[in-house]
Structure formats: structure tokens, C-alpha cells
Amino acid sequence: MTEQHFDIVIIGAGPGGYSTALRAAQLGKTVALIERDKTLGGTCLNRGCIPSKALLTAAHSAQNIRQAERMGISATLQSIDFGKLRDFRTSTVETMTKGLAGLLSHRGVTVFRGEAELRDVHDVHVAPAGGEAQVMRSFKAGVEEPVGSELTIKGEDIVLATGSRPLPLPGNPFSGALIDSTQALELDTFPSSAVIVGAGAVALEFASLWNAAGCEVTLLIRKDRVLSSWEKRASMTLTRELKRRGISVVTRASVDYVDTGANLGATVHYRQGGGEEERTAYGEVVLAAIGRMPNTDAGWFASNGIELEERGYVSTDAYGRTNVEGVWALGDITPGHALAHRAFEQGITIAETIAGLDPKPVSDETVPQVVFSFPEAASVGLALDDAKSCETIINPQETAYPMLSNSRMLMSGEGGSMTIVSGAMAGAPDVPLVLGVHIVSPLASDLIAEAEQLVGNRVPLAAAARLIHPHPTFSESFGEALLKADGRPLHTR
């Protein structure tokens, strides 16, 4: 068995793993990146963010055709060429993953394809990935060479970025027409009817996608609104807008079991509002989108003494250090928002900390959350209740902006909401800051970037309100909302 040495060995090539690799290599470290999939990028590039947004981009076109009549344009959606749509999705993914491979090669990162297992803390054993006879290695993008049937890679520091996988319904493993998000992305056609169990980003994005394509969608949610952990106005607005589009939202639903049977489709048996009466919902497919579970159940997590929390997440400090010296963890296997951009920033923080720099740790309060539903939803920072419960915040305030007073919003025919949370810190009681922003709107995913800068940099509300927003744009609504929060409303009361 051959042996190789690197400064940093990273297990998992998703956004957190590859950002660690790129930044560490930039800082002069020798880096090995191990991935069991045939392509780099993890769930995000291959089975999540990128392919799903490619399909949502296509669905927006279908939605625009249906809305055209409202503006005097006569147009109809005749059909969907699912072959071309599949090619659009796969080519988008292929372009992104090849670009990533080229970037890693350019930075001098050595990529291994195989199944990794941590042994003796600083030794990583690599075996061939599913069905392969050899561990593969590449220095140049797209050029692999076999390096043996097993390999040991030694690293001064080990970074765990093993990601997560879809969580099945209790007692109902994925089978037949009961599918997870990966299988949903791989469908050759859109279903004619679908039941979606869940109220988070994945559930709402597929509900919007399939609904826009003409699918009859039933959404079963446990609470009285989608995104129930979000700021209340935003989650209530999005729930209303989904219903307005024809999605059947069944609230306070508790699933008993899913009958996939011998025939096509599946039937969900559920109860509503704590009642005893059993109800059913049938779909050509049933998508379970109730969350994800961390990939930390491999035996080597325990054998190396890596501390896990109750639900299987790796315990770390603010910089990604685990309880085992020289072992770091990031992304979906750590507590917090399971988001690609959070993992990406965690990777940069870990690489810089290992290199002896002094980066700021990632704060979940400044991690934007985005749902690419129709309309989009985005949130960053604190909701009012969070601010009120924080002892260091003085006089927290909530400002709601009526989105339909924005001209572009009015033109879109969409409904939406915007809420700004502000308040002063104990050390500067006379200087209110922007503490949180919560948006439901077209382009909310882009609008939240400015909000994150204000929240993350603790920008005073008065200074934020003086920033100029171009007219007429959706972003102008954010400027007007800041003016209102600062006590100087112009286009609103």
C-alpha cells in the first residue's frame, strides 16, 4: 500500500471542501482533496443547488408565458421538450463541475477519487469508490491515473466535509414513487400530480417548479404556514402566494404512512390538526422533503473519538475545530444552516486559521437564507422576537414595507412582503443598527445580498437609509423600507 503526505487532507469536495482546498493552496499549503463521486462539487453542484435552479430557470419561462395575457400578450405554452430540458440541466452542471476541476488543478490541489476513512487521526485510508478497482488521482483537470487498490494519505490537518443526505419519513424509506430530492431532479418528465411532504426550501422549490409546469401539487406541512421558523410575516406571505398559484397547502398535517403499492403513484395517509380521522392525498410521485441528515454515521467518526451531538452533527468551535487535535469539520455535518454559501465561507475560515491567519468566524446571524420559490423568499439576521430576547439589544423595532407601493412589484403581478428589524446595542444606545431583513419578492435572492452587508457590518440605520437605490427597480423597495425604518418614509405612511 502506497503512502503520500500533504499539509491538509480534505474529505469531501462539496462547496466547503473545495473552498478549503482553494484557499489553503493559495496560502502555500499542499492539499489533497478526496471525493468518492466521479465529479466534484458535492450535492450542491451535482444533485442540489445548480440542477434545481436550472429547472427553476426554465419554469420561470413557463410562468412568464402564462402571465403574458395579463399584459395584453397572447401566448400559449404548447409543450415541454423534456429531452432538451434534461440536456440544459446536465450541461449546466457539467460546465460548473468541469470549471471547478480546472480551478483546483490550476491551484495545484491533488484530487483523489475514492472512499475515505480516517485512521489514527492523521492517516486517511482511501479505497476504490463504488464499483472501481483502483483509487484514482488527478493533477490535471479531467486526467486521472490509477494509484493502487488502496492508499494512505497523511495530513498534518484533516478537514471533514462529508455533507448530508435526504432524511426519509419515519418508517417510510424511499421506495418506488416515494422519492427524495435527488430522484426528483432525475425524473425524465414532470409529474402530472405530486404530493410534497415538507415546508422548507426543497419542498417549496419543487412545489413552485412543478406547479409552474402544470402539475397538480399538494403540499403537506406540519405547522400553519411554510418556513415556520422564519419571520412570521414572510412565512405567512409566502404561504398565501403559493395558495394563490393553485398549490393545495394542507396545514397541520401529520403523516402516518405512504402506500406505494403495486400500481403507479403513491398515497399519503395523514391526519390533520391532531384529529383522529385519516385523510389521504394521492400523487404520481410523493416527494419527502423534511430535511437532511449529516453523513457522520461511518464507524470511523466514533473510532477516532470525534464528538457528535445528539442528532449526529459534529461539535466544533467557531473556527471549525473538533475535539480532536488537527481535525476540523464544516458544512452540513456541523450544527447550523445547511447552506452551500455557509459551508464555502467556513472552508475559507478553516484554511486561513490553519495557515496562521486570524479570520473572523462565520456567524449564522449573517448567513442569508434563500428559497427559490415563486415568489422568492430571503432572510438574514434577526426577527423581532429574536431581537427582543437578546439582552444586549436596546429598543428593537420592526418596520413592514408595503411591497405593492413599488412600481416594479406592481408590474410583476406578484404579492410580497418586506420587514426590517432594527435596534441599538447596549454600548451605543442612540445608534440604531440594521439587525435583520426578511423579504418575499421577485429577485429576493439578489436583494438579500445588500441586506447581508448591512447586517454583517453592523451599519447604522441612518447611514443605510441614505444609500441610493436606482429607480425603478425592485431594490428601490429596500431603500424605501430603510427610510421608513429610520422615521423618514416618503412613498409610504
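About the thresholds
Residues numbered from 1 in each chain as written. Predicted model: local features only at pLDDT ≥ 70, side-chain atom pairs only at ≥ 80, totals over all residues. Heavy atoms only, no water. UniProt positions renumbered as here; feature names shortened; annotations may be inferred. Helix = DSSP H or I, 4+ residues; strand = E, 2+ residues; numbered from the N terminus. Rg over C-alpha atoms; globule rule 2.2 N^0.38 Å. Buried < 20%, exposed > 50% of the residue type's maximum accessible area, 1.4 Å probe, protein only. Contact = heavy atoms within 4.5 Å. Areas by Shrake-Rupley, 256 points an atom, 1.4 Å probe, with all protein chains shown as cover. Lys, Arg positive; Asp, Glu negative; His and termini not counted. Charge placed at Lys NZ, Arg CZ, Asp CG, Glu CD. Salt bridge = Lys/Arg side-chain N within 4 Å of Asp/Glu carboxyl O. Pairing = 2+ DSSP bridges. Axes fitted to C-alpha atoms, helices over the stretch in contact; angles between N-to-C directions.

- For the protein chain, an unreviewed UniProt entry supplies the name Dihydrolipoyl dehydrogenase and the organism Bifidobacterium pseudocatenulatum.
- Here is the UniProt Sequence similarities (unreviewed entry) comment for the protein chain, exactly as written: "Belongs to the class-I pyridine nucleotide-disulfide oxidoreductase family."

1. Concerning the overall build of the protein chain
(1) Moving on: Counting its secondary structure elements, the protein chain contains 14 helices and 24 strands.
(2) Moving on: Its C-alpha atoms give the protein chain a radius of gyration of 24 Å, near enough to 23 Å, the size a compact globule of 493 residues would have.
(3) Moving on: Projected onto its principal axes, the C-alpha coordinates of the protein chain cover approximately 70 × 65 × 50 Å.
(4) Moving on: Counting every position in the protein chain, which comprises 493 residues, the buried fraction comes to 51%.
(5) Moving on: Of all intrachain contacts in the protein chain linking residues separated by at least 6 positions in sequence, the fraction that spans at least 24 positions is 62%.
(6) Moving on: Summing over all exposed atoms, the protein chain offers an accessible surface of approximately 22700 Å²; the carbon and sulfur share of this is 51%.
(7) Moving on: Both charge centroids of the protein chain, one from 43 positive and one from 57 negative side chains, sit 6 Å from each other.

2. Description of the pattern of salt bridges
(1) Moving on: Following the criterion strictly, the structure yields 23 salt bridges and no others.
(2) Moving on: A salt bridge links Arg-488 to Asp-486; the nearest nitrogen and oxygen atoms lie 2.9 Å apart.
(3) Moving on: Exposure remark for Asp-486: the relative accessible area of 24% places this residue in the partly exposed category.
(4) Moving on: Several salt bridges converge on common partners, so that one network encompasses Arg-240, Glu-241, Arg-244, Arg-245 and Glu-414.

3. Here's the deal with the sheet that holds strand E16 (residues 279–283)
(1) Moving on: Spatially, three strands are ordered E14-E15-E16 in an open sheet, and the strand pairing comes out antiparallel. Strands with a single pairing partner mark the edges of an open sheet, and in this sheet they are strand E14 (253–259) and E16. Neighbour-to-neighbour, the strand axes of the sheet open up by a mean angle of 30°, direction not taken into account.
(2) Moving on: Bridge count for E14 against strand E15 (residues 266–272) is six bridges, and the pairing is antiparallel. If you follow Ala-253 over to E15, its bridge partner there is Gln-272.

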